[in-house]
Amino acid sequence: MSGINLEVQQLFNEQVSNWELARVNFNGLQNVQTKTFDFGDFEVRVQFNPARIVSSGAKVDAQSIAERKCFLCESNRPAEQRGFPLGDYDILVNPFPIFPAHFTIPRREHVPQQILPFITDMLFITRAMDNYLLFYNGPQCGASAPDHMHFQAGSKDFLPLVNDYKRLKNTHASLLVTTEKHQLYQVNNYLRTYYCIESTDSDSLRDAFEKLYTFLTSLSSGRGDGGEVAEPLMNVVCLFEDKKWYLFVIPRKAFRPWQYAAEGNAQLLISPATVEMCGVIITPVEAHFNRITQKDIESIYNQVAY
């Protein structure tokens, strides 16, 4: 185990032992209810996880963000929350977990959630923490803290999309670009279209991502408050194994499906973020977990994904 991975494991053990909120919620993962829906070549899991109401129910409009203290800034973190620095970021245990090991990695300066200026940071952290995968929620793609740049990290074998990629690559992926240093694939027939960039060279991977980002921006009609083109809606997952990065980019059409704000039995309080886009749908309300159907899953992906 590398030095950083060892530090991460020690931090996790210390926080789960000494921080009651983290201990209760990680222990609670052992009792979450899960059911699986079969889509032929792949599956989608649905998990009832009541602790995730904090994130799923988060208000991310400008007024709500302005009226709360940023919980990722060091001065506002819980007294029990410990961490350690890695580059310009802090490694923290996420006290509202989905993964068996779940971390939040905020940048120490308070800057808005955006991926393009920090993609190299993502590659650096992923290589340093190569026992885990790293992921990014765009500011309108599931993040409960769109005002503070951060990544998250979790157990490497947890997300179905990542596990399915190599298994389905020959039948579901089209090679769009190939060079000496990277390959760009597009994956279809998976309820949502996504891209994977494979590379052994961080500079080449960064350049390939920037080109893909520009392409996705051209498809986006979103505008920022100042009239500039906003970041294209996306979720990003990165892992490093066998001396190679795998960067998954999942473009989005929308933030939340209509079911999120529906009333009565039509409501499903599901706010799709990276985990949901990668095949684990989190329902913090038990009644919603009990009544979600395969058609609901197809509808949700159809609304938020390409």
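Residues numbered from 1 in each chain as written. Predicted model: local features only at pLDDT ≥ 70, side-chain atom pairs only at ≥ 80, totals over all residues. Heavy atoms only, no water.

1. Focus on the confidence of the model for the protein
And then number 1: Averaged over every residue, the pLDDT of the protein is 91; residues scoring 70 or more account for 91%.
And then number 2: Throughout residues 222–229 the model reports pLDDT below 50, and contacts reaching past four residues in sequence, or to other chains, amount to 9 contacts. (pLDDT = per-residue confidence, 0-100. Contact = heavy atoms within 4.5 Å.)

2. A look at helix α2 (residues 20–28)
Residues separated by three or four positions in an α-helix point in the same direction, a consequence of the helix having 3.6 residues per turn.
And then number 1: Within the span of α2, buried status applies to Ala22, Asn25 and Phe26. Down the axis of α2, the smallest arc covering the buried residues is 100 degrees, so these residues share one side.
And then number 2: Against α1 (3–18), β4 (89–93) and β5 (102–106) lie the buried residues of α2. (Buried < 20%, exposed > 50% of the residue type's maximum accessible area, 1.4 Å probe, protein only. Helix = DSSP H or I, 4+ residues; strand = E, 2+ residues; numbered from the N terminus. Arc of directions from axis to C-beta.)

3. Points about the pairing of strand β3 (residues 83–86)
Across a regular strand the side chains alternate sides, sitting on one face of the sheet and then on the other.
And then number 1: The side-chain alternation of β3 yields one buried face, formed by Phe84 and Leu86, and one unburied face, formed by Gly83 and Pro85.
And then number 2: Direction of pairing for β3 relative to β4: antiparallel, over a ladder of 4 bridges. The residue bridging glycine 83 from the neighbouring strand is leucine 92, located in β4.
And then number 3: Between β3 and β4, which follow one another and run antiparallel, lie 2 residues, and glycine 87 among them has a positive phi close to 60 degrees. (Pairing = 2+ DSSP bridges.)

4. Brief notes about the pattern of salt bridges
And then number 1: If you walk through the whole model with that rule in mind, you get 13 salt bridges.
And then number 2: When the shortest N-O distance is used, the salt bridge between arginine 167 and aspartate 164 registers 2.9 Å. Here arginine 167 and its partner aspartate 164 are both found in helix α6 (residues 160–172), 3 residues apart, which amounts to about one turn of the helix.
And then number 3: Close ionic contact of arginine 206 with aspartate 203 constitutes a salt bridge, the shortest N to O distance being 3.4 Å. Of this pair, arginine 206 and aspartate 203 both sit in helix α7 (residues 202–219), 3 residues apart, roughly one helical turn.
And then number 4: With relative accessibility at 26%, the residue arginine 206 sits in the partly exposed group.
And then number 5: Owing to a relative accessible area of 43%, aspartate 203 belongs among the partly exposed residues under this scheme. (Salt bridge = Lys/Arg side-chain N within 4 Å of Asp/Glu carboxyl O.)

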